[in-house]
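Descriptive analysis of the structure
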Amino acid sequence: MDLTQGTEEEKNARAKKMMLWFGIVSLLMGFAGWTSAYIVSSSREDWSSDVALPQFFIYSTIVIIISSFCYMLAKNAIKEGQSSKGTLWLWITFALGIVFIVLQFSGFSEMVAQGYYFTGPTSSIKMSYVFLIAMVHIVHVVAGMISLLVVLYNQSKGKYSKANYLGVTLGATFWHFLDLLWVYLVIFMTFVK
């Protein structure tokens, strides 16, 4: 396939999709590095294998999965020309993103209440990794929420239609990636003791 062929709009869409996927692959590499370091560190003598993840992380996992479904419903509504319905689902997705972040910080509070800190004399290597991995993911969720605000702004200006919804597709792809990444991280941190 010759990527130089097609209309300017088609070439622009391909370029934007390719840039998104380059970004996603680079994020995957970063998280692969942190999870690899987690595995290597788990062989240390001072590794706390009996420490469980906070319950709030499970709740936040459910919320982010639901938010992905809401983003899909928003995209489908916009594709079908149901603009107001699409806007509603986008706002619900945004609200669920906020709930996800609140639940994450509740998880951090739960860890601190159990006496685990990111650093210091009562920290453990395992919990430091949990704090780090979850915080870096939260930063990316904030980036996803900013992109969602851009999608909402463009939606309010009527820039999306049945024929043109590339921005929604790009935003949804990034959001679904963040969802799948968090599910992987929770499963990973639960089962890699």
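Nothing here was measured: the structure is a model prediction, and the numbers come from that model. (Residues numbered from 1 in each chain as written. Predicted model: local features only at pLDDT ≥ 70, side-chain atom pairs only at ≥ 80, totals over all residues. Heavy atoms only, no water.)

Regarding the overall build of the protein chain
When helices and strands are tallied, the protein chain shows five helices and zero strands. Helices (α) and strands (β) of the protein chain occur, in sequence order from the N terminus, as α-α-α-α-α. Counting every position in the protein chain, which comprises 193 residues, the buried fraction comes to 40%. When the accessible surface of the protein chain is summed, it comes to about 10,300 Å², and 68% of that surface belongs to carbon and sulfur atoms. In the protein chain, which carries 13 positive and 10 negative side-chain charges, the distance between the mean positions of the two groups comes to 10 Å. (Helix = DSSP H or I, 4+ residues; strand = E, 2+ residues; numbered from the N terminus. Buried < 20%, exposed > 50% of the residue type's maximum accessible area, 1.4 Å probe, protein only. Areas by Shrake-Rupley, 256 points an atom, 1.4 Å probe, with all protein chains shown as cover. Lys, Arg positive; Asp, Glu negative; His and termini not counted. Charge placed at Lys NZ, Arg CZ, Asp CG, Glu CD.)

Digging into the layout of surface pockets
Looking at the largest pocket, its volume works out to about 400 Å³. Residue assignment for the lining of the largest pocket shows that the elements contributing at least two residues are α1 (8–41) and α5 (166–191). No other element matches α1, which puts six residues into the lining of the largest pocket. (1 Å grid on protein atoms, 1.4 Å probe; cavity = no way out; pocket = protein on both sides within 12 Å on 5 of 7 lines; lining within 4 Å. Points joined across faces, edges and corners; volume = space filled by probe spheres on them.)

Points about the packing of aromatic side chains
On inspection of all chains with the given rule, the structure shows 16 aromatic pairs. Seen from their ring centres, tyrosine 38 and tryptophan 47 are 5.0 Å apart, and the 85° between their planes marks the pair as edge-to-face. Per residue, the accessibility class of tyrosine 38 equals that of tryptophan 47, and both read buried. Residues phenylalanine 57 and tryptophan 182 carry aromatic rings whose centres are separated by 5.4 Å and whose planes lie at 75° to one another, so their mutual orientation is edge-to-face. In this pair, phenylalanine 57 is assigned in helix α2 (residues 55–79) and tryptophan 182 in helix α5, connecting sequence segments 125 residues apart. (Phe/Tyr/Trp six-rings, centres within 6.5 Å; stacked < 30°, edge-to-face > 60°.)

Thoughts on the confidence of the model for the protein chain
In the predicted model, the protein chain carries a mean pLDDT of 92, and 98% of its residues have values of at least 70. Ranking the helices and strands of the protein chain by mean pLDDT puts α2 first, with 97, and α1 last, with 92. (pLDDT = per-residue confidence, 0-100.)

Examining the pattern of salt bridges
With the rule as written, the count across this model stands at two salt bridges. Lysine 11 is the salt-bridge partner of glutamate 8, the closest N and O atoms lying 3.2 Å from each other. Taken together, the residues glutamate 8 and lysine 11, both in helix α1 and three residues apart, mark about one turn of the helix. Residue class for glutamate 8 comes out exposed when judged on its relative accessible area of 61%. The partner of arginine 44 in a salt bridge is aspartate 46, with the nearest N and O atoms 2.8 Å apart. On the accessibility criterion, arginine 44 (40% relative accessible area) is partly exposed. (Salt bridge = Lys/Arg side-chain N within 4 Å of Asp/Glu carboxyl O.)

Considering the environment of serine 123
With respect to the element layout, serine 123 can be found in the loop between α3 (83–113) and α4 (125–156). Take serine 123: its relative accessible area is 24%, and that puts it in the partly exposed class. When residues no more than four places from it in sequence are discounted, the contact partners of serine 123 are Tyr117, Phe118 and Ser128. (Contact = heavy atoms within 4.5 Å.)

So, the packing of α3 against α4
Where α3 contacts α4, the axes come no closer than 10 Å and their chain directions differ by 160°. One finds that α3 runs roughly antiparallel with respect to α4. Crossing of α3 against α4: the hand is left-handed. Taken together, the residues of the contact of α3 with α4 break down into 23 nonpolar, seven polar and no charged. (Axes fitted to C-alpha atoms, helices over the stretch in contact; angles between N-to-C directions. Parallel < 35°, antiparallel > 145°, perpendicular 65-115°, else oblique. Left-handed = near helix turned anticlockwise from the far one by under 90°. Nonpolar A, V, L, I, M, F, W, Y, C, P; charged D, E, K, R; others polar.)

Quick word on the side chain of threonine 93
Examined against the element boundaries, threonine 93 turns out to sit in helix α3. Aside from chain neighbours lying at most four places away, what touches threonine 93 is Ser67, Cys70, Tyr71, Leu148 and Trp175.

Focus on the nonpolar core
Formed by 52 residues in total, the largest nonpolar core has its most connected members in Trp182 and Met189. Mapped by element, the contributors of at least two residues to this core are α1, α2, α3, α4 and α5. The leading source of residues in this core is α5, at 14 residues. Setting aside anything within four residues of it in sequence, one finds methionine 189 in contact with Tyr38, Leu53, Lys126, Val130, Ile133 and Trp182. (Core = buried A, V, L, I, M, F, W, Y, C linked by side-chain atoms within 4.5 Å.)

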